[in-house]
Structure formats: structure tokens, C-alpha cells
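One-letter residues, chain by chain:
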Protein chains: 2
Amino acid sequence: MKKSDRTRQDILDATASSLATAGYTATTVKSIAETIGMQDASIYYHFSSKDELVGEVLDIGTARAVTAVDRALAELPDDHDPREALRVAIIAHAEAVLGGGDYPRANVRTFGQLPPDLTHRHRQGHRNYGQIWTRLIDDGVESGVLRGDLNRSVARLIIIGALCWAIEWFDAGEEVSAADVGEHVFQMVVNGMSVGQPHSTAVSV
Amino acid sequence: MKKSDRTRQDILDATASSLATAGYTATTVKSIAETIGMQDASIYYHFSSKDELVGEVLDIGTARAVTAVDRALAELPDDHDPREALRVAIIAHAEAVLGGGDYPRANVRTFGQLPPDLTHRHRQGHRNYGQIWTRLIDDGVESGVLRGDLNRSVARLIIIGALCWAIEWFDAGEEVSAADVGEHVFQMVVNGMSVGQPHSTAVSV
DNA sequence: GATTAAATCTAGTACGCACTAGAAAAGTCA
DNA sequence: TGACTTTTCTAGTGCGTACTAGATTTAATC
């Protein structure tokens, strides 16, 4: 009973790693098996199909990202500025997806290259995740520290998008850390790049 | 000499459309051929391999995006605010990638799911494209209207990332247009979502 | 140490993929 | 029309894929 759990974990880890770096298609059952020194057929003793295995990796990825953000928000003082909550969440997300383990990275990286069944499962997880951000933005707008003339849903997706796309260019070896990326996203999106007065008038969409 | 050019164009169009909606792996030579009512083998009279065909589609995509942004910038008055240039470029990009044809969409959509050879070709095109944005940001910082305490390269990638990721959620059927998305990105990234005073102090990375 | 259960392996199937060779058809122009 | 070229089709190859069946080994239990 013990051995099985250990190998199962090894398979999940190898899959997450491969998905994060090589993507869905290049992640073959055979390559996963090779990574942990097994035959490809042996994988099927632990998982009934490739997509069930991949699906489990993706679920773990979203769960870890959610946990990271939730934990960061829980540490805020009771009377925090809503913008500070947004800042903490953005940085937590950046660290989870860029600097964290393979699971959240696999999740974001394979977005958009999955077969329909998995895409559906994937999107469901993202929807739940999005609700955290919806609340953060709502808090800011309703308490008057964030602009109310922007479409909140679009704003949310733009923030998440900027963070998710960072996986395509972020290089852990460079001097810019995952937290730095998060801080930049926050600074740009909340305070703006502009010096002094805003550039043009408000929009209404 | 005429017939060949026309079918060649049909093949490119069908490939762009399939790449934009289904991605690289799901875009098979057979499916492309079916779309235009041909046998898959006939494709090889016009293109020597799938990847040569895909590569050409991607090149067209980047070219169109570059053209769209360049054209928008060319229409600015000589004494324009650097932030206005950024705004115009962001909206032009959004319209090209979200509301435009299949070619730019194919380009962004398949980013990160291509085989190594094509990835290299792809990245080269993006690098050239990035230079346009580098210049826009540099202009803003050097003329004093954009903050100088942010890493310009990171800022550039965050803007482009927010725009590129929009392809994953943007729905042309909804009431939010491609230009609206661009306007939102600009408002958030340049003016910020914050009302009044910035939230916390400057960063230095 | 023998018996049973768990885990892995060997060997194979079926299928979809990109791609090829050569025959057939369609178009071009005297 | 007839000779020639361009374009498309028919029919197939080889390969990598996910996955299966049954034998074989490894581990746990009495």
C-alpha cells in the first residue's frame, strides 16, 4: 500500500514537470515513464488514462495557487487598504506561478493546448480562482479607492493575463524575481506608469 | 500560374483559421485539406512540410500586427504626448489580435505550443515586434511623463502579456469590443486603477 | 519459507500523423 | 483538336501515439 502511493506521486511530479516545460503534446506517457525509470505500460496501473493523470496535475496546480493567494490574504491586518489586498494577492500569484513548483506552472503553461474535455475541467478551476479576484476588485471599487469607470471583469482578466503570460518570458535565472514581476504588475495596474496627472479622460464600457 | 496562387492562398487561410481556433496540434494537414475540399497529399504540391506552411502563416501574422501598430502611430500629430502613442499602439494591437483576421490570432494563440524550430522563428518575430514597444516606453520615460523607477523591459512584457492573454478569454460576440479591451489595458497600465494618491512607494528593480 | 497480493514488464494492437510515388485529371496554348 | 504542363488524386509507407493482455517479478503476510 505504501509503494503504490510513492510511485503515484513520482508519476504526478514527473508529469507536472514535463507539462510545465514541454507542454501537453510533448508530454507523452512514454517520456513520463522514462523520467522515473519505468515502462510506459506501468503508468496505467496507477492512472486509467493520460488525461486523467494530466487532469489531476492541473487540479493540484489550481489548488496550490488558490492556497498561496488565500494564505497571503489571511495575513493582512483587519483594517487593510483594499489596494494592499490586491497587491498581496498579485505577488502571491506571481510567486506561485513563476517561482513556485511545477504544478501551478503546468496549469498555466498548458492552458489553451488541452483537448476539449480537459479544457472544460481546466476552465472550471479558473472560474473559481477568478472569484477571489472579483471580490478583491469589488472591495476596492465599493470602498472608493479603485476607479468605478472600468469594467471589473475585464480589469480582472487583464491582471490575471499579465501574470499568466509572464510564464512565457520569465527566466528564473535573471535578476528579476517572481515577486518583482508581481510588484511591477501591481504598480502598473493600480498606480499606473504615468507621472502626475492621468493622461486622458475616463472611459465607460 | 494563377490557379496555383489561389489555392496556395486558400491553404494559408484555412491554416490560419485552424491555428487560431484549434491550436497547433489539432491543426492537421488532413483537416486543412478537408476545409478547402482537397486531399491531404495535394497540400504538399504547394508546401514542402506542415511546419513550412505554419511558419509562413505565423510570419504573415506578425507582419500584420506590426503594420497595424505602425500605421496607427504614423497618424499621430508630431507633438503628441508619448502616452498617447502608447495608447494608440495598445488599441491597434488589441484590434489586430482580437478583432482582426486569423493570422495575428494564430500567431498569439499558438505561442508556446510549437515545436522547437518554429518556436525559434516565432520568437525572432516577437523580438522585432518588441522593439516598437521598447521605443514607446523609452520615449515616455525620457520625456518625463512615465515613471522611471520601473524596469522597462518588464513593463513592456507585462503590457504585451495582458494583451496577448486576452485572446484566451475575449469573446467577439460580447458587448466588450477589441478596442475596449485595448482602452482598458491602457487606462490600467498608464493611469492605474487607483483613485487619487498612489497606494505605496516607488520600487526599484 | 510458502502463499497470496501488489506492482511492473514484455509484447503487442489499433490508430492518426506527416509525408511519398506515381497515376490521373484539369488546365493551357499552338 | 492535340501536345504539353500544371495541378490533384489514389494508394500507400513508416513512425509515434495511447492503450491492452497476460506473463513475471517484487513485496507483504502468515
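Now for a quick tour of the structure. (Residues numbered from 1 in each chain as written. Chains lettered and ligands numbered in written order. Predicted model: local features only at pLDDT ≥ 70, side-chain atom pairs only at ≥ 80, totals over all residues. Heavy atoms only, no water.)

On a plain count of helices and strands, chain A comes out with nine helices and zero strands. When the elements of chain A are put in sequence order from the N terminus, they spell out α-α-α-α-α-α-α-α-α. Across the 205 residues in chain A, those meeting the buried criterion constitute 51%. Within chain A, contacts between residues separated by at least 24 positions form 69% of all contacts whose residues are at least 6 apart in sequence. About 9300 Å² of surface is accessible on chain A, with carbon and sulfur atoms providing 50% of the total. A gap of 5 Å separates the mean positions of the 19 positive and 28 negative side-chain charges of chain A. (Helix = DSSP H or I, 4+ residues; strand = E, 2+ residues; numbered from the N terminus. Buried < 20%, exposed > 50% of the residue type's maximum accessible area, 1.4 Å probe, protein only. Contact = heavy atoms within 4.5 Å. Areas by Shrake-Rupley, 256 points an atom, 1.4 Å probe, with all protein chains shown as cover. Lys, Arg positive; Asp, Glu negative; His and termini not counted. Charge placed at Lys NZ, Arg CZ, Asp CG, Glu CD.)

Below, the discussion takes up the relation of the copies chain A and chain B. Least-squares fitting of chain A to chain B yields an RMSD of 0.1 Å, with the transformation described by 0.0 Å of translation along the axis and a rotation of 180 degrees. What the superposition gives is, in effect, a two-fold axis relating one chain to the other. Interface overlap between copies: 100% of the residues of chain A at the interface are likewise at the interface in chain B, consistent with a symmetric, same-surface contact. (Least-squares fit on C-alpha atoms with pLDDT ≥ 70 in both.)

All names here are of chain B. With respect to the helices and strands, the residue Asp-117 is situated in helix α7 (residues 116-142). Relative accessible area serves as the criterion here: at 66%, Asp-117 is assigned to the exposed category. Along the primary structure Asp-117 and Thr-67 are separated by 50 residues, whereas in three dimensions their C-alpha atoms are 25 Å apart.

Listed as interface residues are 52 residues of chain A and, on the opposing side, 52 residues of chain B. Across the contact surface, chain A and chain B share zero salt bridges. Joining chain A to chain B, the criterion identifies 23 residue pairs in polar contact (both at pLDDT 80 or more). Only α5 (82-99), α6 (102-109), α7 (116-142), α8 (152-169) and α9 (178-191) of chain A provide two or more residues apiece to the side of chain A that touches chain B. Grouping the constituent residues of the side of chain A that touches chain B by class yields 27 nonpolar, 15 polar and 10 charged. (Salt bridge = Lys/Arg side-chain N within 4 Å of Asp/Glu carboxyl O. Polar contact = N/O pair within 3.5 Å; in protein donor to acceptor, adjacent residues only side chain to side chain. Nonpolar A, V, L, I, M, F, W, Y, C, P; charged D, E, K, R; others polar.)

A separate point is the protein's contact with DNA strand C. Neighbouring residues of DNA strand C: 18 residues in total, closest Ser4(A), Ser42(A), Tyr45(A), His46(A) and Lys50(B). Of all atoms in DNA strand C that approach within 4 Å of the protein, 72% are sugar or phosphate atoms. Within the contact set of DNA strand C, a phosphate oxygen lies 2.9 Å away from a backbone nitrogen or oxygen of Gln39(A). Between DNA strand C and Asp40(B) there is a distance of 3.5 Å, counted from a base nitrogen to a side-chain nitrogen or oxygen. For the surface near DNA strand C, the secondary structure elements donating two or more residues are α1 (2-22) and α3 (40-46) of chain A together with α3 (40-46) of chain B. Sort the elements by how many residues they give to the surface near DNA strand C and α3(A) lands first, with four residues. Here the surface near DNA strand C is composed, by residue class, of six nonpolar, nine polar and three charged. (Near = heavy atom within 4 Å.)

On to helix α5 (residues 82-99) of chain B, then. Working note: α-helix, 3.6 residues per turn, so residues spaced by three or four point in the same direction. Look at α5(B): 25 Å from first C-alpha to last across 18 residues, which is about the 26 Å you get at 1.5 Å a residue. Of all 18 residues in α5(B), 14 are buried; the element is thus mostly enclosed. (Expected span 1.5 Å × (residues − 1).)

Taken together, 19 residues are adjacent to DNA strand D, and Lys50(A), Ser4(B), Ser42(B), Tyr45(B) and His46(B) come closest. The sugar-phosphate share of atoms of DNA strand D within 4 Å of the protein amounts to 70%. Residue Asp40(A) places a side-chain N or O atom 3.5 Å away from a base nitrogen belonging to DNA strand D. Note that a phosphate oxygen of DNA strand D is positioned 3.0 Å from one of the side-chain N or O atoms of Tyr44(A). Put simply, the parts of the chain that give the surface near DNA strand D at least two residues each are α3 of chain A together with α1 (2-22) and α3 of chain B. At four residues, the largest contribution of residues to the surface near DNA strand D is made by α3(B). Grouping the amino acids of the surface near DNA strand D by side-chain chemistry returns seven nonpolar, nine polar and three charged.

With that settled, consider the pattern of salt bridges. Summed over the entire model, instances satisfying the criterion amount to 18 salt bridges over all chains. Ionic pairing is found between Glu183(B) and Arg87(B), a salt bridge with its closest N-O pair at 2.8 Å. Of this pair, Glu183(B) sits in helix α9 (residues 178-191) while Arg87(B) sits in helix α5, and the two are 96 residues apart along the sequence. You can call Glu183(B) buried: its relative accessible area is 10%. If you follow the salt bridges from partner to partner, you end up with Glu84(A), Arg87(A) and Glu183(A) in one network.

This part covers the nonpolar core. By size, the foremost hydrophobic cluster in this structure holds 92 residues, and its most contacted members are Trp133(A), Ile159(A), Trp133(B) and Ile159(B). If near-sequence neighbours (up to four positions away) are discounted, Trp133(A) is found in contact with Leu86(A), Ala89(A), Ile90(A), His93(A), Arg156(A), Ile159(A), Ile160(A) and Leu163(A). (Core = buried A, V, L, I, M, F, W, Y, C linked by side-chain atoms within 4.5 Å.)

Throughout this description, disulfide means a covalent bond between two cysteine sulfur atoms. Going through the model one piece at a time under the given rule, you end up with zero disulfides over all chains. Unpaired in this structure, Cys164(A) has its nearest cysteine sulfur neighbour in Cys164(B), at a distance of 13 Å. Overall, the relative accessible area of 2% leaves Cys164(B) in the buried class. (Disulfide = S-S within 2.5 Å.)

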